[in-house]
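Now for the letters of each chain:
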Amino acid sequence: MLKSVKIFQRKYHLAELLAKVTCCILLIYSILPHRFASHYDYLSAEDIPDALVSQVTTNISQQHMEECHYEDIIQENRFMYTPQYSDEVLKPEEILPGGEYFPEDCRAKYSSAIIVPYRQREQQLHKFLSYMHNYLRLQKVHYRIFLVEQYDQKPFNRAKLFNIGSMIAAEFEFPCLILHDVDLMPLNLGSLYACTELPRHMCAALDMWRFHLPYRGLFGGVVAIRTQQFRTINGMSNMYEGWGGEDDDLFERLKSRNIDICRFAPHLNEYTMLRHKPEKKNENRVTLLRSGALRYNTDGLNSLVYTEKDRRIHSLFTHILVQT
Amino acid sequence: MQNTQNNTIKCVKSLSVELQNICKLTNFGIAVAQKAGEEESQIDSSLCCCEYIDRDKQRFHILGCCCNCVDLDTAFTDCITCNKVDASNKRNMLLTFQDRLRLPWRGGAKRISMEAIIPGAVYPLVLGLAALNEVTSYIMLGSIIVFLGYAHQYIKRNNVKTRFFYMWLWWSVVYMVAGLQFAVPLLELLPEENCILVLMGCASVYFMWQTKKHAAACHDIPSRSTDDDLADITEATAAEEEEEAAAHTALLIDNDSPIRSQKNRANSHQTNMCHVCRKYVSARTIHCHVCNACIMMQSHHSYWLDCCVGQYNLRYYNAGMVFSICTLFFGVYLTLTAICHPQLIGRIWNIPLMMPDDCSEVFDEYTLGTSYVLSLYAIIMIVYQLISLILQVIKCTRGPMFFIFGDMSQPFSKFYKKLST
């Protein structure tokens, strides 16, 4: 029976060797990077101005003023998440009815429709609206907040509400869509609410995840995508009811059309998540994801069926009540 | 000085003899046979991995554990016939049970001591219960502190030799590593952070292992060959014996070890004489009643490592302490910021620094609860280690610097020896 092995002039007993090899394997396994958060490629500060797509709605483009400057905002990246900004809306008279705003002293370069799917989270909504209006006005972009509320008892269908929101934003000619969760708020001013050439994942550094990105394919939370691209991929799937899966499906749709995604540098991506009870998970999201590729052309904007119950123009947002 | 050098050479020699022994033992399964004595050598000496020499010096196979227990049989018969079970019967049964609880091992099955098993079973049980909710976590962790603290004090006072704390430490390390691997949401940690944690953990385990390895080198084995020494000893014995007997009776009256150790220390300073071993020892040597040996420059006996900390392993011990505190602290930081809601408190070189500000939701999921309880346990360990390290530093400010660095000449001389050979 073989009992010892000779390696480099030293004899090892088989059991000793086995134990050492096992230890080494365990050690190597414990530091394998695939089980941990991942680093990601990001646009450097010099590339950001070129990557941003300067497109505005007609009413803004007719203004005869000097263009606004955004370099300093990104450069400074001021920390904003303080009680001063998050508690109440400062100077509410600046905001136009329907939650629209554009800077008065210069011509905005970017127009963005902020689409927020919503159901039964009043406290979060209140905090979100007051903070976001304070925040976005300092960014000097032209924006309007569309709140799409699901007005039925079916499981929450986030993706479908985004589709509906994009249709309504298109009515207002917005060239850029920001698909935004109501429980996420940017910490620093540098996370510019404008579209880049490629769809952009904006909340890559979430405080719930220690400001790290769990995996590179994560494309949910806050996403900036051009209206035109959103139409090219036929929007999002309408079939994801309940929590989870729809953001991965969006990522797969983009990949199938060879559209890459991009991100800003980590310190520009920092978001905080408001605490809430977790939504009911979608049990068959994995099955839906697997068969997703077959439905890219049939399931989405072109198969969207809904009834608009009501559209209210509030002082801080445009409220759209829909039945899915 | 000459004396110490002699001693160290002897130490090294005895170590090498021991090593040779171990090699012999491990090579071809004759370990147990040799230990058991001459008569066993007549039995065919090669044991398979499942065989061992039992209490009655007979060859036994692991799978035979359920058969052939005379004491169990008699006890059972007594039970059935409603007779009183004999006390010696009970004891023998227990001994047989302990003897037969074995693990297959090359060179003969090894006996598993209860001291090793109990912590391995109790630790996950207690922390598993603690992870249920907030109340149980406080109760369980509190009782762990009370139990371990009481047991440690009791054992220290009575100088019991036990591997319980050593095994407890090992099991807690094992379970903490397992907890980190399976309970903590690793997707929130960066690979670099994990690498730092693993490196520091390896360093602390390495230093603790070195502490244990070098513990034997601190045992003072003085020369008895010279006539003067012998004369002194023979002279001393009569008087010493009386004194020791008196000390013993005093001890029986109250088991207060500090007084004794002080007395011992005072005596050894005066005469460099160990009263227990009845021999001359080098300066600053203290007799350890647990190791039952004279330890050169003894700092203390560590139950957690089950060895004495003295001249040659003190620096490893201190390095191990510092590294393990760092590892535990970093591990707790990573775990708590991952499972709780973190708050940004600042940045160093663009790396966000966080503080856990709200841990109210950790008991919603059992895995998160487990990692939370493990990190609370780690915090207790950090506090304990910090206190003992601070005590060590206070000790060194009163005494010579060697309490931190140990004997500095040793590593370099060893290094040169290695180079030259």
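Counting starts from 1 at the beginning of each chain's written sequence and moves along it residue by residue. All chains are assigned letters beginning at A, and all ligands numbers beginning at 1, according to the order in which they are written. Owing to the predicted nature of the model, reporting of local features is limited to residues with pLDDT of at least 70; listing and counting of side-chain atom pairs is limited to 80 or more, with chain, interface and lining totals taken over all residues. Only heavy atoms go into the side-chain values, all of them from the structure, while hydrogens and water stay out.

With an unreviewed UniProt entry as reference, chain B is termed Palmitoyltransferase, source organism Musca domestica. Under the heading Sequence similarities (unreviewed entry), UniProt records this for chain B: "Belongs to the DHHC palmitoyltransferase family." UniProt positions are given in the numbering used here, feature names are shortened, and annotations may be inferred rather than shown by experiment. Here is the UniProt Catalytic activity (unreviewed entry) comment for chain B, exactly as written: "L-cysteinyl-[protein] + hexadecanoyl-CoA = S-hexadecanoyl-L-cysteinyl-[protein] + CoA".

Going by an unreviewed UniProt entry, chain A carries the name Beta-1,4-N-acetylgalactosaminyltransferase and comes from Musca domestica. If you open the UniProt record of chain A and go to Pathway (unreviewed entry), you find "Protein modification; protein glycosylation." Chain A has a UniProt comment under Cofactor (unreviewed entry) that states "Mn(2+)".

(A) Structural context of the overall build of chain B. Helix and strand content of chain B: 15 helices and twelve strands. Burial status follows relative accessibility: with a 1.4 Å probe on protein chains alone, a residue under 20% of its type maximum counts as buried, one over 50% as exposed, and anything between as partly exposed. Looking at chain B residue by residue over its 421 residues, the buried ones come to 39%. By the convention used here, residues are in contact when the closest approach between their heavy atoms is within 4.5 Å. Considering only contacts in chain B between residues 6 or more positions apart, those separated by 24 or more positions represent 60%. A 1.4 Å probe and the Shrake-Rupley method give the accessible areas. Residues count as covered only by the protein chains that appear here. When the accessible surface of chain B is summed, it comes to about 24300 Å², and 65% of that surface belongs to carbon and sulfur atoms. For helices the rule is a DSSP run of H or I covering at least 4 residues; for strands it is a run of E covering at least 2, with both sets numbered from the N terminus onward.

(B) Region of the structure containing the overall build of chain A. A tally of helices and strands in chain A yields ten helices and 13 strands. Principal-axis analysis of the C-alpha atoms places the extent of chain A at approximately 90 × 45 × 35 Å. Out of the 324 residues belonging to chain A, those deemed buried represent 55%. Partitioning the contacts of chain A with sequence separation of at least 6, the portion at a separation of at least 24 is 82%. Neither His nor the chain termini are counted; the positive set is Lys and Arg, and the negative set is Asp and Glu. Positions of charges follow a simple convention, taking NZ of Lys, CZ of Arg, CG of Asp or CD of Glu. One way to put it: in chain A the 38 positive side-chain charges average out to a point 11 Å from where the 39 negative ones average out.

(C) Local environment of the interface of chain B and chain A. Taken together, the contact pairs 30 residues of chain B with 25 residues of chain A. Defined in terms of a 1.4 Å probe, buried area is the accessible area two parts forfeit on being brought together, summed over both. Taking both sides of the interface into account, the surface hidden between chain B and chain A amounts to around 2600 Å²; carbon and sulfur atoms contribute 58%. When a carboxyl oxygen of Asp or Glu lies within 4 Å of a side-chain nitrogen of Lys or Arg, that pair is called a salt bridge. Connecting chain B to chain A are three salt bridges. Residues Arg210(A) and Glu193(B) are paired through a salt bridge, measuring 3.0 Å at the closest nitrogen-oxygen approach. Contacts described as polar in this section are N or O atom pairs within 3.5 Å, which, within protein, must combine one atom able to donate a hydrogen with one able to accept it, while residues neighboring in sequence count only if both atoms come from side chains. For the pair chain B and chain A, the number of links is twelve residue pairs in polar contact (both at pLDDT 80 or more). Secondary structure elements with two or more residues in the side of chain B that touches chain A: helix 1 (2–27), helix 9 (191–213), helix 12 (314–339), strand 11 (341–348) and strand 12 (351–358) of chain B. Here the element with the most residues in the side of chain B that touches chain A is helix 9 of chain B; it accounts for seven residues. Throughout, the ten residues Ala, Val, Leu, Ile, Met, Phe, Trp, Tyr, Cys and Pro are labelled nonpolar, Asp, Glu, Lys and Arg are labelled charged, and all others, Gly among them, are labelled polar. In the side of chain B that touches chain A, the residues fall into 16 nonpolar, seven polar and seven charged.

(D) A look at the UniProt feature "domain: Galactosyltransferase C-terminal" (unreviewed entry) in chain A. Here the UniProt-annotated "domain: Galactosyltransferase C-terminal" (unreviewed entry) positions come out as residues 200–277 of chain A. Secondary structure across residues 200–277 of chain A comprises 22% helix and 17% strand; the distance between its end C-alpha atoms is 27 Å.

(E) Region of the structure containing the packing of aromatic side chains. Only the six-membered ring of Trp is used, alongside the rings of Phe and Tyr, when aromatic pairs are assigned; centres must lie within 6.5 Å, and planes under 30 degrees apart are stacked while those over 60 apart are edge-to-face, with the rest tilted. Per the counting criterion, the structure on display carries 26 aromatic pairs over all chains. Pairing Tyr40(A) with Tyr42(A) gives two aromatic rings, centres 6.4 Å apart and planes at 75°, and the pair type is edge-to-face. Note that Arg200(A) overlies the ring of Phe264(A), its terminal NZ or CZ placed 3.8 Å from the centroid. Any Lys NZ or Arg CZ that is within 6 Å of a ring centre and within 35 degrees of that ring's normal is treated as a charge sitting over the ring. Lying across the ring of Tyr166(B), Lys212(B) places its NZ or CZ 4.5 Å from the centre.

(F) Structural detail: the side chain of Glu270(A). By the secondary structure assignment, Glu270(A) is in strand 11 (residues 270–273). Judged by its relative accessible area of 3%, Glu270(A) is buried. In this structure the side chain of Glu270(A) is engaged in a polar contact, spanning 2.8 Å, whose partner is the side chain of Arg347(B). Setting aside its immediate chain neighbours within four residues, Glu270(A) contacts Met185(A), Pro186(A), Leu187(A), Asn188(A), Ala205(A), Phe211(A), Leu344(B) and Arg347(B).

(G) Focus on the state of the cysteines. Residues and elements named next belong to chain A. A pair of cysteine sulfur atoms is labelled a disulfide when the two atoms are within 2.5 Å. By the definition in use, this model includes three disulfides over all chains. Here Cys68 connects covalently by a disulfide to Cys106, the sulfurs 1.9 Å from one another. The disulfide joining Cys68 to Cys106 has a torsion of about 95° about its S-S bond and is therefore right-handed. You can see Cys68 sitting in the loop between helix 3 (58–61) and helix 4 (71–76) and its partner Cys106 sitting in the loop between strand 3 (100–101) and strand 4 (111–118), a full 38 residues away along the chain. Residues Cys68 and Cys106 agree in their burial class; the two are buried.

(H) Highlighting the packing of helix 7 (residues 134–158) of chain B against helix 8 (residues 164–182) of chain B. Residue and element names in this part refer to chain B. Two elements in contact, helix 7 and helix 8, have axes separated by 11 Å at closest approach and are oriented at 150°. Between helix 7 and helix 8, the residues in contact are Ile144, Phe147, Leu148, Ala151, His152 and Ile155 and Phe164, Phe165 and Trp168, respectively. Classifying every residue of the contact of helix 7 with helix 8 gives eight nonpolar, one polar and no charged. Think of each axis as a best-fit line through the C-alpha atoms, taken over the contacting stretch in the case of a helix, with angles from 0 to 180 degrees between the N-to-C directions.

(I) Region of the structure containing the side chain of Arg144(A). Residues and elements named next belong to chain A. Along the chain, Arg144 turns up in strand 5 (residues 142–150). Residue classification places Arg144 among the buried positions, given a relative accessible area of 7%. Among the polar contacts made by the side chain of Arg144, one reaches the side chain of Glu100 at a distance of 3.2 Å. Excluding residues that lie within four positions of it along the chain, Arg144 makes contacts with Pro97, Gly98, Gly99, Glu100, Ser112, Ala113, Ile114, Phe172, Phe174, Ile313 and Thr318.

(J) Representation of the pairing of strand 11 of chain A within the structure. Residues and elements named next belong to chain A. For two strands to count as paired, DSSP must find a minimum of two bridges between them. With three bridges connecting them, strand 7 (residues 184–186) and strand 11 associate as antiparallel partners. Within strand 11, the position partnered with Pro186 by the bridge is Tyr271. Sheet topology places strand 9 (residues 205–206) next to strand 11; two bridges connect them, and they run parallel. By the bridge assignment for strand 11, Ala205 is matched with Glu270.

(K) Geometry of the pattern of salt bridges. Residue and element names in this part refer to chain A. All chains considered together, the criterion is met by 20 salt bridges over all chains. Across the pair Glu94 and Arg137 runs a salt bridge, and its minimum N-O distance is 3.1 Å. Within this pair, whereas Glu94 is found in the loop between helix 5 (83–86) and strand 3, its partner Arg137 is found in helix 6 (residues 122–139), the two being separated by 43 residues in sequence. We classify Arg137 as buried; its relative accessible area is 9%. Two residues, Glu308 and Arg311, come together in a salt bridge whose shortest N-O distance is 2.9 Å. Three or more residues joined by partner-sharing salt bridges are found here, namely Asp249, Arg253, Arg295 and Asp299.

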